[in-house]
Amino acid sequence: GAGVSQTPSNKVTEKGKYVELRCDPISGHTALYWYRQSLGQGPEFLIYFQGTGAADDSGLPNDRFFAVRPEGSVSTLKIQRTERGDSAVYLCASSFGQRSTDTQYFGPGTRLTVL
Amino acid sequence: QKEVEQNSGPLSVPEGAIASLNCTYSDRGSQSFFWYRQYSGKSPELIMFIYSNGDKEDGRFTAQLNKASQYVSLLIRDSQPSDSATYLCAVPEGAQKLVFGQGTRLTINP
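Here the residue numbering is sequential within each chain, running from 1 through the sequence in written order. To read the labels, note that chains go from A and ligands from 1, taken in the order they are written. Only residues with pLDDT of at least 70 get local features here, since the model is predicted, and only at 80 or more are side-chain atom pairs given and counted; chain-wide, interface and lining totals rely on the full set of residues. Water and hydrogen atoms play no part in the side-chain values, which are based on all heavy atoms of the structure.

Things to note about the environment of A:Pro25
All names here are of chain A. Using the following cut-off: The secondary structure listing takes helices from DSSP runs of H or I that are at least 4 residues long and strands from runs of E that are at least 2 residues long, numbered from the N terminus. Only protein chains enter the calculation, and the probe is 1.4 Å; a residue is then buried if its accessible area is under 20% of its type maximum, exposed if over 50%, and partly exposed in between. Residues count as neighbours in contact if any of their non-hydrogen atoms are within 4.5 Å of one another.
Within the secondary structure, Pro-25 sits in the loop between strand S3 (19–24) and strand S4 (31–37). When its relative accessible area of 8% is taken as the criterion, Pro-25 is described as buried. Each C-alpha atom, one on Pro-25 and one on Gly-72, is 9.8 Å from the other, the two residues being 47 residues apart in sequence. Those residues in contact with Pro-25, other than ones at most four positions away along the chain, are Val-4, Leu-32, Arg-69, Ser-73, Val-74 and Ser-94.

Below you can see the structure in the form of structure tokens.
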């Protein structure tokens, strides 16, 4: 079946602009996660959705970052007033359940470059 | 905040040898552990999950967990050039989110 998909695959923007990154999880997966990965580092947790609600947004670095999942499927990560330090690969993952032992399946990521 | 530590490498291993990757974690209460493989420019993919002390084998891969010493390792037998990748250790924090180590870059030399 289809895996997690993310669009765009690459996004180049200028400092101060607004960007939206989209994630389409595996069909039937209720849990959705956003991570950010900088070069040479492991993924860093941003936010977790169970259904439509953000169950844990403790990883969002500041109030410029916001994410939604209005219908419990597709999610959009929104970054306002982008800064050069926001440049990274943004990974989305989904899992069937919400237990810590449920496998998280990752999408291909969106590489964000802020000039 | 849980911490997960890995040697960033690079770790270079000749083809056919055993590659040994290690990971230590800070929270003695951690119960389960994941190993993900990430090829350059690609997303992480799960290769092993372990939650019991001792060894878990899956093909050429063996995960070893020692909760008393707070480390988990991954052994790759008969290493192949296609095993060249970054290997990420991850520990769940709370109910769902994963805390990753920085990853160990492994190179298998033909």
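Picking up after the structure, the text goes on.
Remarks on the sheet that holds S3(A)
All names here are of chain A. Rules: What makes two strands pair is DSSP finding at least two bridges between them. The axes are straight lines fitted to the C-alpha atoms, using for helices just the contacting stretch, and the angles between their N-to-C directions are given from 0 to 180°.
Taken in spatial order, the four strands of this open sheet run S1-S3-S8-S7, and their pairing is antiparallel. Only two strands of the sheet have a single neighbouring strand rather than two, namely strand S1 (5–7) and strand S7 (65–68). Neighbouring strand axes in the sheet, compared pairwise and without regard to direction, differ in orientation by 15 degrees on average. Pairing of S1 with S3, which is carried by three bridges, proceeds in the antiparallel orientation. Counted as the bridge partner of Thr-7 is Arg-22 from S3.

A word on the interface of chain A and chain B
Put simply, the test is: Buried area: the accessible area, evaluated with a 1.4 Å probe, that two parts lose upon being put together, summed over both parts. Salt bridge, as used here, is a side-chain nitrogen of Lys or Arg placed within 4 Å of a carboxyl oxygen of Asp or Glu. Counted as a polar contact is a pair of N or O atoms within 3.5 Å, where, for protein atoms, one must be capable of donating a hydrogen and the other of accepting one, and residues adjacent in sequence contribute only when both atoms are in side chains. Classification used: nonpolar for Ala, Val, Leu, Ile, Met, Phe, Trp, Tyr, Cys and Pro, charged for Asp, Glu, Lys and Arg, polar for all others including Gly.
Facing 22 residues of chain A, the contacting portion of chain B comprises 18 residues. When chain A packs against chain B, the two sides together hide about 1,500 Å² of surface, and 55% of this comes from carbon and sulfur. Per-residue buried area on chain A facing chain B is highest for A:Pro43, A:Ser100 and A:Phe106; these three make up 30% of the total on that side. Taken together, the connections running from chain A to chain B amount to one salt bridge. There are five residue pairs in polar contact (both at pLDDT 80 or more) connecting chain A and chain B. Taken together, the elements giving at least two residues each to the side of chain A that touches chain B come down to S4 and strand S5 (44–50) of chain A. Looking at the side of chain A that touches chain B residue by residue, the class counts come to eight nonpolar, 11 polar and three charged.

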